[in-house]
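Here's the letter readout for the chains.
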Amino acid sequence: MKDRGIRKLVAVLAGLAVIYFGTTGRSPEEGGGLSGGLVVLALLAALLVWHLTKPGGDAAK
């Protein structure tokens, strides 16, 4: 159960990092806020981290 909580935390942090770095690089003329593509990219990053941090498995084979 502890592994699942850590996986959730790391996945959420990955998504938030994508959003943070995606919005800080914009100039004021481009406008602030989130675009739909950035939200999708953040979700994909969180899902990738969730998948890559799966415990156990047959990785040693």
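Residues numbered from 1 in each chain as written. Predicted model: local features only at pLDDT ≥ 70, side-chain atom pairs only at ≥ 80, totals over all residues. Heavy atoms only, no water.

Novice: Explain the overall build of the protein residue by residue, including any values.
Specialist: Helices and strands together make up the secondary structure of the protein, namely two helices and zero strands. Taken across its 61 residues, the protein has 15% of its residues classed as buried. (Helix = DSSP H or I, 4+ residues; strand = E, 2+ residues; numbered from the N terminus. Buried < 20%, exposed > 50% of the residue type's maximum accessible area, 1.4 Å probe, protein only.)

Novice: Lay out the UniProt feature "transmembrane region" (unreviewed entry) in the protein with the relevant residues and their values.
Specialist: The UniProt record annotates "transmembrane region" (unreviewed entry) at residues 34-53. The span residues 34-53 shows a helical share of 85% and a strand share of 0%, and its end C-alpha atoms are spaced 27 Å apart. (UniProt positions renumbered as here; feature names shortened; annotations may be inferred.)

Novice: Could you give an account of helix H2 (residues 36-52), naming the residues involved and the relevant values?
Specialist: In this model H2 runs 24 Å from its N-terminal to its C-terminal C-alpha over 17 residues, within 8% of the 24 Å that 1.5 Å per residue would give. Taken together, the buried positions of H2 are Leu38, Ala42, Ala45, Ala46 and Val49. All buried residues of H2 lie within an arc of 95° about the axis, which places them on one face of the element. Residues of H2 that are exposed and angled more than 90 degrees away from the buried face: Gly36, Leu43, Leu44 and Leu47. (Expected span 1.5 Å × (residues − 1). Arc of directions from axis to C-beta.)

Novice: Before we move on, could you go through the packing of aromatic side chains and cite the residues and values that matter?
Specialist: Between two aromatic rings, the relevant description is the distance of the centres plus the angle of the planes. On inspection of all chains with the given rule, the structure shows one aromatic pair. Seen from their ring centres, Tyr20 and Phe21 are 5.1 Å apart, and the 75° between their planes marks the pair as edge-to-face. Here Tyr20 falls in the partly exposed class, since its relative accessible area comes to 48%. Its end group placed over the ring of Trp50, Arg7 keeps NZ or CZ at 3.7 Å from the ring centre. (Phe/Tyr/Trp six-rings, centres within 6.5 Å; stacked < 30°, edge-to-face > 60°. Lys NZ or Arg CZ within 6 Å of the ring centre and 35° of its normal.)

Novice: Quick rundown of the side chain of Arg7? Include the residues and the values.
Specialist: Positionally, Arg7 belongs in helix H1 (residues 2-24). Polar contacts involving the side chain of Arg7 include one to the main-chain carbonyl oxygen of Thr53, which spans 3.5 Å. Contact partners of Arg7, with chain neighbours within four places excluded, come to Trp50, His51, Thr53, Lys54 and Pro55. (Polar contact = N/O pair within 3.5 Å; in protein donor to acceptor, adjacent residues only side chain to side chain. Contact = heavy atoms within 4.5 Å.)

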